[in-house]
Amino acid sequence: MDARNGIGGSLAGLDLRAEIDRLRKERNAVILAHYYQKPELQDLADFVGDSLDLSRKAAETDADVIAFCGVRFMAETAKILSPDKIVVLPDMNAGCSLEDSCPPDQFAAFRAAHPDHIALTYINCSTEVKALSDIIVTSSSAEKILSQIPLDQKIIFGPDKNLGGYLQRVLKREMLLWPGVCIVHEAFSETELLKLRAQHPGAPIAAHPECPPHILDHADYVGSTRGILDFAKSFPGDTLIVATEPHIIHQMEKALPEKNFIGAPGADGNCNCNICPYMALNNMEKLYLALRDLTPRIEIEEGLRLQAKKSLDRMLEMANATVGQGDLGPVRVTGD
């Protein structure tokens, strides 16, 4: 039992859904959930989305409290964009392997060694790394943002080498890649994926660009979580193989109950290694306690927050821009 909150003891017998709804109203709270959260958390959230959508919602909300069902960097992003809001995360241990792969001191040294490069950084990173970056991107905004950067501008891309490598191949842009990976998307097995495709001939594969190249090479569609969900709604067949964290399938099954969605397998064909262990830390009990106690609470030192906000503001500005293919914005090394 959790000594701090009494999970497994004092919560017995509570109608958690009703209690969460009550606290949501009392606290004037909004509940945001990522597609990788457990179905019961997705179903009670005010909004379910990908990192870009959730960032926009965090920036726009008029709620007093943001309860973020996701991982820590997502909740920190909400606090950066909405500093006057109370932001709580059901489990503060909900981290990210990509964030862990990019310690701020090492990233700062890497930037210093390449002063003529700008840092185009995936949102799956710490607040400190965001503060060291020029522009943040998400998997759904990266192509659009990268297309606005002058072709002669040198770029560092981190921390996901798979997403960076995918962008290099698609947009024919050379970038200096930080060597981080997502443990979930690295777990997919090419051999098992091909076996699954053989069992379902004609079924397309939709994959997230955090997957390594040997998985993306077999994909019929590559895109963000929201992009994969849109593809699921539009592909003409009745079966789709999904190579990303499998909790997104909940949204697909709700929208298209007549279709069959199959999660891509891990190394032995049936392991749970494609489930994000960090996302899985959040649950109904912890969300209830976070709303009840307004803790664990995200706090960020103001100077650090303002520095990190610059790169996030640039992301939102460029992601919302109306640009044509090849239109290049004035993105250069700023020296600050």
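Residues numbered from 1 in each chain as written. Predicted model: local features only at pLDDT ≥ 70, side-chain atom pairs only at ≥ 80, totals over all residues. Heavy atoms only, no water.

Focus: the overall build of the protein chain
Quick note on the threshold: Only DSSP runs of H or I with at least four residues qualify as helices, and only runs of E with at least two residues qualify as strands; both kinds are numbered from the N terminus onward. Only the C-alpha atoms count toward the radius of gyration. The rule for a globule is 2.2 Å times the residue count to the power 0.38. Exposure classes here rest on a 1.4 Å probe applied to the protein chains alone. A residue is buried below 20% of its type maximum, exposed above 50%, and partly exposed in between. Contact between two residues is taken to exist if any of their heavy atoms lie within 4.5 Å; hydrogens are not considered. His is not counted here, nor are the chain ends, while Lys and Arg score as positive and Asp and Glu score as negative. To locate a charge, take atom NZ for lysine, CZ for arginine, CG for aspartate or CD for glutamate.
Helix and strand counts for the protein chain come out as 15 helices and 12 strands. Here the C-alpha radius of gyration of the protein chain, 20 Å, is about what a compact globule of 336 residues would show, namely 20 Å. The burial tally for the protein chain puts 57% of its 336 residues in the buried class. Counting contacts in the protein chain only where the partners sit at least 6 residues apart, residues at least 24 apart contribute 65% of the total. Positive and negative side-chain charges of the protein chain, numbering 34 and 47 respectively, have mean locations separated by a distance of 3 Å.

Section: the packing of aromatic side chains
Operational definition: Stacked, edge-to-face and tilted labels apply to pairs of Phe, Tyr and Trp rings (six-membered ring for Trp) whose centres lie within 6.5 Å, assigned for plane angles under 30 degrees, over 60, and everything in between, in that order. Here, a charge over a ring means that NZ of Lys or CZ of Arg falls within 6 Å of the ring centre while also lying within 35 degrees of the ring normal.
Summed over all chains, the structure comprises four aromatic pairs. Geometrically, the ring pair formed by Phe231 and Phe235 is stacked, given 5.9 Å between the ring centres and 20° between the ring planes. For Phe231, a relative accessible area of 17% corresponds to the buried category. Clustering of aromatic rings is evident, with ring pairs tying together Phe107, Phe110 and Trp178. The aromatic ring of Phe47 is capped on one face by Lys57, whose charged end is 4.8 Å from the ring centroid. The positively charged end of Lys259 is found above the aromatic ring belonging to Phe235, 4.1 Å away from the centroid.

So, the sheet that holds strand β11 (residues 239-243)
What counts here: Here the rule is simple: two strands pair whenever DSSP picks up at least two bridges between them. Fitted lines through C-alpha atoms serve as axes, helices being fitted only where they are in contact, and the angles separating the N-to-C directions of these axes extend from 0 to 180 degrees.
Read across the open sheet, the four strands follow the order β10-β9-β11-β12; overall the sheet is parallel. On the outer flanks of this sheet lie β10 (221-222) and β12 (260-263), each paired with one strand and no other. Relative to β12, β11 runs parallel, the two sharing four bridges. Bridge assignment links Ile241 to a residue of β12, and that residue is Ile262. Lying on the sheet, helix α10 (residues 190-199) is in contact with β9 (205-207), β11 and β12; it crosses β11 at an angle near 175°.

Geometric descriptors of this kind do not, in isolation, establish any biological role.
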